[in-house]
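Chains, contacts and geometry: an overview
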Number of protein chains: 2
Amino acid sequence: MKLYFVTSNPNKVREARLIIRDYDIEQYDMELPELQGEQEEIVRQKAKMAVETIKKPCFVEDTALCFNALNGLPGEYIKHFIEKLGLKNVYKLLDGFEDKSAKAVAMIGYCEPGKEPVIIRGEINGTIVMPRGESNFGWDPIFQPDGKDKTYGEMTEEEKNSKSHREMVVIKFKEFLKKR
Amino acid sequence: MKLYFVTSNPNKVREARLIIRDYDIEQYDMELPELQGEQEEIVRQKAKMAVETIKKPCFVEDTALCFNALNGLPGEYIKHFIEKLGLKNVYKLLDGFEDKSAKAVAMIGYCEPGKEPVIIRGEINGTIVMPRGESNFGWDPIFQPDGKDKTYGEMTEEEKNSKSHREMVVIKFKEFLKKR
């Protein structure tokens, strides 16, 4: 069976294909508007818009970086913060707060025509640190997962993908697909 | 001539009526989705959505609080930050930055059916301070306009409205309407 993955990023599609082998995952490159608000609501809206266009089973994926001291913010807005401030100043947002812990949260919104979207969540705890390593994926250099001594930015792609928030959500999605 | 002001806030309508006397300003209460992104783009989208529904000349208004040290952020997202963090912790976001200056920015998006929206901007410079005074309007207690010794939260409604970013944008809008 075919599933459409709505994303502009072919690497994400490659990753999903490695985990979900029982489905034929095809990339569908489409720009979806992003609303303000809670991540779950944003993913739900994106999945709805995607299925209205494609009219076939499809899913979207979305990542947020949630600082615990900021009650989950910047969350969804992290990409705008990094664009506007740079990594070092995003780290400095926590100067006034003792708690530097954070969650990397990935969500998949899956939707079939005529049905409500299903939201699946993967989450990794970690710490916000001064940037270290490469910045291929936005906030990688400021996020150090719990139990590791490297930031995502210092890890190889293989190290990073193993037990990442993104891998977690794709594995959960695979389980969901099996049980349907 | 009649103009529709799309807002859920009757106080804003009252304020606009005091300044724009040549038009019959009528409130149109409608929930408009807010996209992520730059304030001007958000206002443009809201004005477009409003005119598509109302099909008559109408305008929307939008306010952002832009910290200069954060290159304009939280900006549009200030309401989410205050909801999630509270005023004191929003102030603490600047602990790591010497520059506490900020801009209060109001924008009006005016649109006629079949035309592109016109964006009008009013802006007041000030400083982000520890919260002082009443918090009827979100961030009032942490914004102290340049040349004043009170925050918006410590001012009477009259003091606050005189030469505010909101008054400025409505006056500019009035001038725009005259010149058409």
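Above this text you will find the structure in question.
With an RMSD of 0.0 Å, the fit of chain A onto chain B corresponds to turning through 180° and sliding 0.0 Å along the axis. Those values place the two copies in the arrangement expected of a two-fold rotation axis. In terms of proximity to the rotation axis, the leading residue of chain A is A:Leu35, whose C-alpha is 2.0 Å off the axis. When the interface residues of chain A are mapped onto chain B, 100% of them again fall at the interface, so both copies present the same face.

A word on the interface of chain A and chain B. Many analyses report the size of an interface as the accessible area lost when the parts associate. Contact residues are listed per partner, giving 24 residues for chain A and 24 residues for chain B. Regarding the contact of chain A and chain B, the summed buried area is about 2,300 Å², with carbon and sulfur atoms giving 63% of it. It is A:Gln36, A:Leu73 and A:Lys84 in chain A that bury the most area against chain B; as a group they hold 28% of the surface buried on that side. Applying the counting criterion to the chain A and chain B interface returns two salt bridges. For the salt bridge of A:Lys84 with B:Glu38, the shortest nitrogen-to-oxygen distance reads 2.9 Å. Where chain A meets chain B, there are 16 residue pairs in polar contact (both at pLDDT 80 or more). Of all the secondary structure elements, the ones that give two or more residues to the side of chain A that touches chain B are helix 3 (78–85) and helix 4 (87–92) of chain A. If one sorts the elements of the side of chain A that touches chain B by residue count, helix 3 of chain A sits on top with five residues. Taken together, the residues that form the side of chain A that touches chain B break down as 11 nonpolar, six polar and seven charged.

Scoring rules and cut-offs
- Residue indices follow the written sequence of each chain, beginning from 1 at its first position.
- Naming scheme: in the order in which they are written, chains are lettered from A and ligands are numbered from 1.
- In keeping with the model being predicted, local features are shown solely for residues with a pLDDT of at least 70 and side-chain atom pairs are shown and tallied solely at 80 or more, while totals for entire chains, interfaces and linings include all residues.
- Side-chain figures throughout are based on the complete set of non-hydrogen atoms in the structure, without hydrogens or water.
- Least squares is used to superpose the copies, and the fit set is the C-alpha atoms of residues whose pLDDT is at least 70 in both copies.
- Residue contacts are defined here by distance: any two heavy atoms, one from each residue, within 4.5 Å place the two residues in contact.
- What gets called buried area is simply the loss in accessible area from a 1.4 Å probe that two parts show on being joined, summed for both.
- One side-chain nitrogen of Lys or Arg within 4 Å of one carboxyl oxygen of Asp or Glu is enough to make a salt bridge.
- N or O atoms closer than or at 3.5 Å make up a polar contact, with two conditions inside protein: a donor-capable atom paired with an acceptor-capable one, and, for residues adjacent in sequence, both atoms drawn from side chains.
- Think of it this way: any DSSP run of H or I at least four residues long counts as a helix, any run of E at least two long counts as a strand, and we number them from the N terminus.
- In this classification, the charged set is Asp, Glu, Lys and Arg, the nonpolar set is Ala, Val, Leu, Ile, Met, Phe, Trp, Tyr, Cys and Pro, and all remaining amino acids, among them Gly, are polar.

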